[in-house]
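In case you want the letters, here they are:
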Amino acid sequence: KPYVSIMVPAHNEEAVIANTIENILNIDYPNFEVIVIDDRSTDNTASVIKDLEAKHEKVRALIREQDAFPGKSAVLNDAYKIAKGDAVLVFDADATVEPDFLNKLVPKLEPADVGAVQARKIIRNKDVNLLTRCQNNEYTMDTYLQVGRDAVKGAVELRGNGELIKRQALDDINGWNNYTITDDLDMSTRLHMKGWDVRFCLEACVYEEGIVYILPLFRQRRRWLEGTIRRYLEYFGEAMKSKKMSLRARLDMAVYITQFIMPLWFMMEVAFRVIKLLTDKIDPYSLHNVLWSSLIVSIAVGLGFFSAIRYSLRKYDAVPRMSAFKQALETTIYFLIIWFPMELFICGKILFCKK
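What counts as what
- Residues numbered from 1 in each chain as written.
- Predicted model: local features only at pLDDT ≥ 70, side-chain atom pairs only at ≥ 80, totals over all residues.
- Heavy atoms only, no water.
- Helix = DSSP H or I, 4+ residues; strand = E, 2+ residues; numbered from the N terminus.
- Rg over C-alpha atoms; globule rule 2.2 N^0.38 Å.
- Buried < 20%, exposed > 50% of the residue type's maximum accessible area, 1.4 Å probe, protein only.
- Contact = heavy atoms within 4.5 Å.
- Areas by Shrake-Rupley, 256 points an atom, 1.4 Å probe, with all protein chains shown as cover.
- Lys, Arg positive; Asp, Glu negative; His and termini not counted.
- Charge placed at Lys NZ, Arg CZ, Asp CG, Glu CD.
- Core = buried A, V, L, I, M, F, W, Y, C linked by side-chain atoms within 4.5 Å.
- Salt bridge = Lys/Arg side-chain N within 4 Å of Asp/Glu carboxyl O.
- Pairing = 2+ DSSP bridges.
- Patch = residues over 30% accessible without salt bridge, like charges linked within 9 Å, V, L, I, M, F, W, Y side chains within 5 Å.
- Axes fitted to C-alpha atoms, helices over the stretch in contact; angles between N-to-C directions.
- Parallel < 35°, antiparallel > 145°, perpendicular 65-115°, else oblique.
- Nonpolar A, V, L, I, M, F, W, Y, C, P; charged D, E, K, R; others polar.

Undergrad: Could you clarify how one ought to interpret the overall build of the protein in this entry?
TA: Assigned secondary structure in the protein consists of eleven helices and eight strands. Against the compact-globule benchmark of 20 Å for 355 residues, the protein has a radius of gyration of 22 Å, which places it among compact chains. Dimensions along the principal axes, computed over C-alpha positions, put the protein at roughly 80 × 45 × 40 Å. In the protein, which comprises 355 residues, the proportion classed as buried is 50%. Sequence separation of 24 or more characterises 78% of the internal contacts of the protein that already satisfy a separation of 6 or more. As displayed, the protein offers around 17600 Å² of accessible surface, 60% of which is attributable to carbon and sulfur atoms. For the protein, the separation between the mean place of its 47 positive charges and that of its 46 negative charges on side chains is 6 Å.

Below, the structure written as structure tokens:
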């Protein structure tokens, strides 16, 4: 039963932070503290956090100055300075868990080579609308992929909410990177490069709120995608040459990158084919020879996503067959609308804009 420091960053979360902390305090585990950090809020979050500290012995409040270095990584680094735990558990401000959460998660951290463990993430309000349902299906497919990567001891990734990290591993990589926009993904890669294993715990679930409107969802996914691509640009070469990183983790990472390269490659392929069709003298009856390969690839990609989503929903959410088919179809379309245009936008931003 190692001592665990639970960190909860909060920015303008006065409406939910008290309920979140009350839920965390109900965890059935003997050795833990809760560090709640107000990250430069402009509402009454700081006041609520101070009240929680006065009310509960296990709660410690950390109020950051308005001119403090921005970003979740900087928040966690500040909190880590006062943390007492042998391991650090990070929650988002809207997280909720079951009382046995730590008892399920902690044993995964026991092996000497394991540096961190990620819990399964589930959308709590998945039945609100189509967007929240698709987000939950996206998380369910990610669970499927993470379980597979964990089974072969591949490059399992942290997901920010519900991640448990060993102090020894945190010290080895010098904590969080203040200059990344996706702290969890950046840390995952640096842990693997240092030879630490990252595991996934299917049984421990953390629930969070899904985004109910399209524009905030685009902003969140844009940050995730940009952070992912920048991380690979920064670390991929070093990771592939790392002597501490296992061969299977390196192979897994290389294969996983294709899901981010594929949409860009495919859309460029279609664009070049269309340009060739418009500029060259091609017999209209041979049109199928020009676009046939692109059509085959598009169908294969769509079926791949569809099959993975449907299988995930059946296996991990016990969704009935016809409902799983319908939800897999709409989630595949959701992927097409969200990720493909975002891929082009982010690649263009990285190539042509200032960092």
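Undergrad: Please clarify how the nonpolar core should be interpreted in this entry.
TA: When a protein is soluble and globular, its nonpolar side chains tend to lie buried together. Core analysis: the largest hydrophobic core is formed by 34 residues, its most contacted members being Ile6, Phe91 and Phe101. Mapped onto this core, the elements with two or more residues apiece are strand 1 (4-10), helix 1 (17-25), strand 2 (32-38), helix 2 (45-55), strand 4 (87-90), helix 4 (101-105), strand 6 (114-123) and strand 8 (197-208). If one sorts the elements of this core by residue count, strand 1 sits on top with four residues. Once you skip the residues sitting within four places of it in the chain, Ile6 turns out to touch Ile24, Ile27, Phe32, Glu33, Val34, Ile35, Leu89, Phe91 and Leu102. Formed by 33 residues, the second largest nonpolar core is a distinct cluster that contains Met141, Tyr232, Ala249 and Ile338.

Undergrad: Which parts of the structure should I look at to understand the pattern of salt bridges?
TA: For side chains of opposite charge, pairing can occur when their charged atoms come near one another. Per the stated rule, a full pass over the model turns up 26 salt bridges. Put simply, Glu22 and Lys55 hold a salt bridge, and the shortest N to O gap is 3.4 Å. Note that Glu22 is positioned in helix 1 and Lys55 in helix 2, a separation of 33 residues in sequence. Between Glu330 and Lys326 there is a salt bridge; the shortest N-O distance is 3.5 Å. With Glu330 and Lys326 both in helix 11 (residues 321-352) and four residues apart, this pair spans about one turn of that helix. The exposure class assigned to Glu330 is buried, which follows from its relative accessible area of 16%. Look at the salt bridges and you will find they share partners, linking Asp142, Arg149, Glu157, Arg159, Arg231 and Asp252 into a network.

Undergrad: Looking at this model, I keep getting lost on the pairing of strand 8. Mind explaining?
TA: In summary, the side chains of a regular strand alternate between the two faces of the sheet. The element strand 8 is largely enclosed, with a buried count of nine among its twelve residues. Summarising the sheet, strand 5 (residues 96-97) and strand 8 pair through two bridges and their orientation is antiparallel. Across the sheet, the residue bridging to Thr96 is Tyr207, located in strand 8. Two strands pair when backbone bridges link them, and strand 6 and strand 8 are joined in this way by nine bridges, in the parallel orientation. The residue bridging Ala116 from the neighbouring strand is Val198, located in strand 8.

Undergrad: For this particular structure, what's the right way to read a nonpolar patch on the surface?
TA: Taken together, the side chains of Trp292, Leu295, Ile296, Ile299 and Leu303 make up a nonpolar region of the molecular surface, amounting to roughly 500 Å² of accessible area. Taking the relative accessible area as the measure of exposure, Ile296 reaches 44% and is therefore partly exposed.

Undergrad: What's the story with the packing of helix 5 (residues 130-151) against helix 11 in this structure? I'm lost.
TA: In a packed pair of helices, the relevant descriptors are the angle between the two axes and the axis-to-axis distance. At their nearest, the axes of helix 5 and helix 11 sit 9 Å apart, and the two run at 95° to each other. Classified by the interaxial angle, the pair formed by helix 5 and helix 11 is roughly perpendicular. When helix 5 is examined against helix 11, the residues Leu130, Leu131, Arg133, Cys134, Gln135, Asn137, Glu138 and Met141 are found in contact with a partner set consisting of Lys326, Gln327, Glu330, Thr331, Tyr334, Phe335 and Trp339. For the contact of helix 5 with helix 11, the per-class residue count stands at seven nonpolar, four polar and four charged.

Everything listed here is a matter of coordinates, which is why it stays silent on function.
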